[in-house]
Amino acid sequence: MNEVEFLNFVTTTISTHATLLSYPNDKIKYPNTEISDTHSNDFVEILYTNYMGRKLNLKGNKRMYGCITFKVISERGVGQAPSMDLAKRFAECLSGKILNGIVFEEYELKILDHTLSQTQTTTDIPYNQVNANVEFSYTR
């Protein structure tokens, strides 16, 4: 499985799960896509990170490692509880499962509010951000 096949499988799984959650697909930003400006303060972004460390086995196959992040953005006045709940519900479609030969770990929540960014610097952003990280590995 190459990276394009992996992304196609994961985005299809997430899209199907979003339909089950009755979450509008126009409020989901997949890799290499854009969303409408009307949803700029209230959306879910799917991020794909490929870890550089690869392990070769005796057959010459590569074990690929990475992380799928469900980044939930909401306005600050709404509160973080709905964002945390939405991040958990999105992560459940992959978390702790083995799908199509891909091993997904349990999700981990990271809360980034208006005073702390991912790089640990203070910011003054008008929204809350909750990340649900699901690490994965598969053989290529």
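Note that the coordinates shown come from a computational prediction; the quantities given were computed from them, not determined experimentally.

Participant: Quick question: what am I supposed to make of the overall build of the chain here?
Facilitator: When helices and strands are tallied, the chain shows 2 helices and 7 strands. Listing the helices and strands of the chain from first to last along the sequence gives α-β-β-β-α-β-β-β-β. Evaluated residue by residue, the chain yields a buried proportion of 36% over its 140 residues. Considering only contacts within the chain whose residues lie at least 6 apart along the sequence, 60% involve residues at least 24 apart.

Participant: Please clarify how the side chain of Lys29 should be interpreted in this entry.
Facilitator: Tracing the backbone through its elements, the reader meets Lys29 in strand β1 (residues 28-29). Among the residues examined, Lys29 registers a relative accessible area of 16% and is labelled buried. When residues no more than four places from it in sequence are discounted, the contact partners of Lys29 are Glu34, Ile35, Phe43, Val44, Glu45 and Ile46.

Participant: What is the right way to look at helix α2 (residues 81-91) in this model?
Facilitator: What sets the pattern is the α-helix's 3.6 residues per turn: residues three or four places apart point alike. Ser83, Leu86, Ala87, Phe90 and Ala91 are the residues of α2 that are buried. The arc that holds the buried residues of α2, viewed along the axis, is 130°, so those residues lie on one side.

Participant: Explain the environment of Phe90 here, please?
Facilitator: Relative to the helices and strands, Phe90 resides in helix α2. Overall, the relative accessible area of 0% leaves Phe90 in the buried class. Spatially, the C-alpha atoms of Phe90 and Val44 are 9.1 Å apart, while their sequence positions differ by 46 residues. Those residues in contact with Phe90, other than ones at most four positions away along the chain, are Ile14, His17, Ala18, Leu21, Tyr23, Ile28, Val44 and Phe70.

Participant: How do you make sense of helix α1 (residues 3-20) when you look at a structure like this?
Facilitator: The terminal C-alpha atoms of α1 lie 26 Å apart, and with 18 residues this matches the ideal 26 Å at 1.5 Å per residue to within 8%. Along α1, the positions that sit buried rather than exposed are Phe6, Val10, Thr13, Ile14, His17 and Ala18. All buried residues of α1 project into a common sector of 135° when viewed along the axis, lining one side. Exposed side chains of α1 directed beyond 90 degrees from the buried face belong to Val4 and Thr19. Ser22 occupies a position one or two residues after α1 and carries a positive phi of about 60°.

Participant: What should I look at first to understand the packing of aromatic side chains in this one?
Facilitator: For any pair of aromatic rings, the description rests on two quantities: the centre-to-centre distance and the angle between the ring planes. All chains considered together, the criterion is met by 8 aromatic pairs. Their ring planes at 10° and their centres at 4.9 Å tell us that Phe6 and Tyr138 sit as a pair that is stacked. A residue pair is termed long-range when its members are at least 10 positions apart, and Phe6 in helix α1 and Tyr138 in strand β7 (residues 127-139) qualify at 132 residues. Assigned by exposure class, Phe6 and Tyr138 land together as buried. Each member of the aromatic cluster is reached from another via a ring pair, and the members are Phe6, Tyr48, Phe104, Phe136 and Tyr138.

Participant: What should I look at first to understand unusual backbone geometry in this one?
Facilitator: The phi dihedral of Ser22 is positive, around 60°, even though this residue is not glycine. Accessibility expressed as a relative area gives 64% for Ser22, which makes it exposed. Unlike most non-glycine residues, Asn32 shows phi in positive territory, near 65°. Of note, Asn32 is situated in the loop between β1 and β2 (43-56).

Cut-offs used in this document
- Residues numbered from 1 in each chain as written.
- Predicted model: local features only at pLDDT ≥ 70, side-chain atom pairs only at ≥ 80, totals over all residues.
- Heavy atoms only, no water.
- Helix = DSSP H or I, 4+ residues; strand = E, 2+ residues; numbered from the N terminus.
- Buried < 20%, exposed > 50% of the residue type's maximum accessible area, 1.4 Å probe, protein only.
- Contact = heavy atoms within 4.5 Å.
- Arc of directions from axis to C-beta.
- Expected span 1.5 Å × (residues − 1).
- Phe/Tyr/Trp six-rings, centres within 6.5 Å; stacked < 30°, edge-to-face > 60°.

As far as function goes, none of this settles anything; it's purely spatial.
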